[in-house]
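Chain by chain, the residues:
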Amino acid sequence: KENYYQKNSEKGYFFGNENILEKLGILKGEEVTTTKYLHLLQGVNPNNGEPLLKNSSDEKRRVGIDLTTSAPKSVSIIEEYLRASGKIEEADKIREAHQKANTLAMQEMEQFCRTRIYNDQGTRISANDVEIIRAEFLHDTSRENKINGNMDMQLHTHNMLFNLVLHKDKFYSLSNEELYKNKMFLGQVYRNELAKNMQDLGYEIETTDYEKGFFVINNIEKESKASHLI
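Residues numbered from 1 in each chain as written. Predicted model: local features only at pLDDT ≥ 70, side-chain atom pairs only at ≥ 80, totals over all residues. Heavy atoms only, no water.

### Looking at the nonpolar core
- Counting 30 residues, the largest nonpolar core has Met 109, Cys 113, Leu 161, Leu 179 and Leu 194 as its most contacted members.
- The leading source of residues in this core is helix H4 (residues 88–109), at 7 residues.
- Dropping the residues within four chain positions of it, Leu 161 is found in contact with Gly 64, Ile 65, Leu 67, Met 109, Cys 113, Ile 132, Ile 133, Arg 134, Leu 174 and Leu 179.
- One finds Ile 26, Leu 40, Phe 137 and Phe 162 within the second-largest nonpolar core, a separate group that totals 20 residues. (Core = buried A, V, L, I, M, F, W, Y, C linked by side-chain atoms within 4.5 Å. Buried < 20%, exposed > 50% of the residue type's maximum accessible area, 1.4 Å probe, protein only. Helix = DSSP H or I, 4+ residues; strand = E, 2+ residues; numbered from the N terminus. Contact = heavy atoms within 4.5 Å.)

Here it is as structure tokens:
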């Protein structure tokens, strides 16, 4: 209700599959507006306010799922250091590396989206041929925002996956079981791609957990609060 994702005037953008975007009158990459955002959370058509689901606008319905990709602290520190030093172009390249990794993870995410439908025999089954819509919000500080009075750098993206999918030209609610089962895999996809992107930019990385894909940028102190950067 408070729209945490844009509390500091951050911009958001809509993404999703072609047919569902067209039916909702939204362009891919279109900037998020409060009206359209709230309508989609409620499960109603953002153009005319008409309900798209049986439980649209029900206060008890799940409005969506927040899938967050978060860069390692060392990546966030370097990005902020470059920006504070006036090296905007280099900082933007790191932010782009993060965004590319986020995009790949969200592309992989789509294969785990499901809905529940009734087949010809009247049995409720899971259907995987669905189209999704999400809103993407890029943040550069943590939810806590400050540590000891200093900004806590944390480059991350909130992907609000709306509880609204399109299946054979009809709207349904999103089933999240497969998303939950594969959340660790999606995190690995993001981190592996980000590590590759950072290496492409010339940074040396050190893998700290091969199984989960965690890494740090070499020569960055792990405990640094980087207060001198602000």
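After that view of the structure, there is still more to cover.
### Details of the packing of aromatic side chains
- The final tally for this structure, using the stated rule, is 4 aromatic pairs.
- Ring geometry for Tyr 37 against Phe 162: centres 5.9 Å apart, planes inclined by 65°, an arrangement best described as edge-to-face. Within this pair, whereas Tyr 37 is found in helix H2 (residues 34–42), its partner Phe 162 is found in strand S6 (residues 150–167), the two being separated by 125 residues in sequence. Each member of the pair, Tyr 37 as well as Phe 162, carries the same accessibility label: buried. (Phe/Tyr/Trp six-rings, centres within 6.5 Å; stacked < 30°, edge-to-face > 60°.)

### Looking at the packing of H4 against helix H6 (residues 183–200)
- For the pair H4 and H6, the least separation of the axes is 8 Å and the interaxial angle reads 150°. Along this stretch, H4 crosses H6, giving a crossing that reads as right-handed. Residues Ile 94, Ala 97, His 98, Lys 100, Ala 101, Asn 102, Leu 104, Ala 105, Glu 108 and Met 109 of H4 pack against Phe 185, Leu 186, Val 189, Tyr 190, Glu 193, Leu 194, Asn 197 and Met 198 of H6.
- Across the contact of H4 with H6, the residue classes tally to 12 nonpolar, 3 polar and 3 charged. (Axes fitted to C-alpha atoms, helices over the stretch in contact; angles between N-to-C directions. Left-handed = near helix turned anticlockwise from the far one by under 90°. Nonpolar A, V, L, I, M, F, W, Y, C, P; charged D, E, K, R; others polar.)

### Focus on helix H3 (residues 73–84)
- Taking 1.5 Å per residue as the helical rise, H3 with its 12 residues ought to reach 16 Å, and the 16 Å between its terminal C-alpha atoms agrees with that figure.
- Turning to H3, its buried residues number three or more, namely Ser 74, Val 75, Ser 76, Ile 77, Ile 78, Glu 79, Glu 80 and Leu 82.
- Positive phi shows up at Gly 86, right after H3, with a value of about 85°. (Expected span 1.5 Å × (residues − 1).)

### Digging into the environment of Gly 16
- You can see Gly 16 is positioned in strand S1 (residues 12–16).
- Not counting chain neighbours up to four residues away, the residues in contact with Gly 16 comprise Leu 21, Ile 132 and Ile 133.

### Points about unusual backbone geometry
- Unusually for a residue other than glycine, Lys 168 sits at a positive phi of about 50°.
- Within the secondary structure, Lys 168 is located in the loop between S6 and strand S7 (170–172).
- Since its relative accessible area comes to 66%, Lys 168 is described here as exposed.
- With a phi close to 65°, Asp 169 is a non-glycine residue in the positive phi region.
- Looking at the element boundaries, Asp 169 is found in the loop between S6 and S7.

Shape descriptors only; they carry no functional weight alone.
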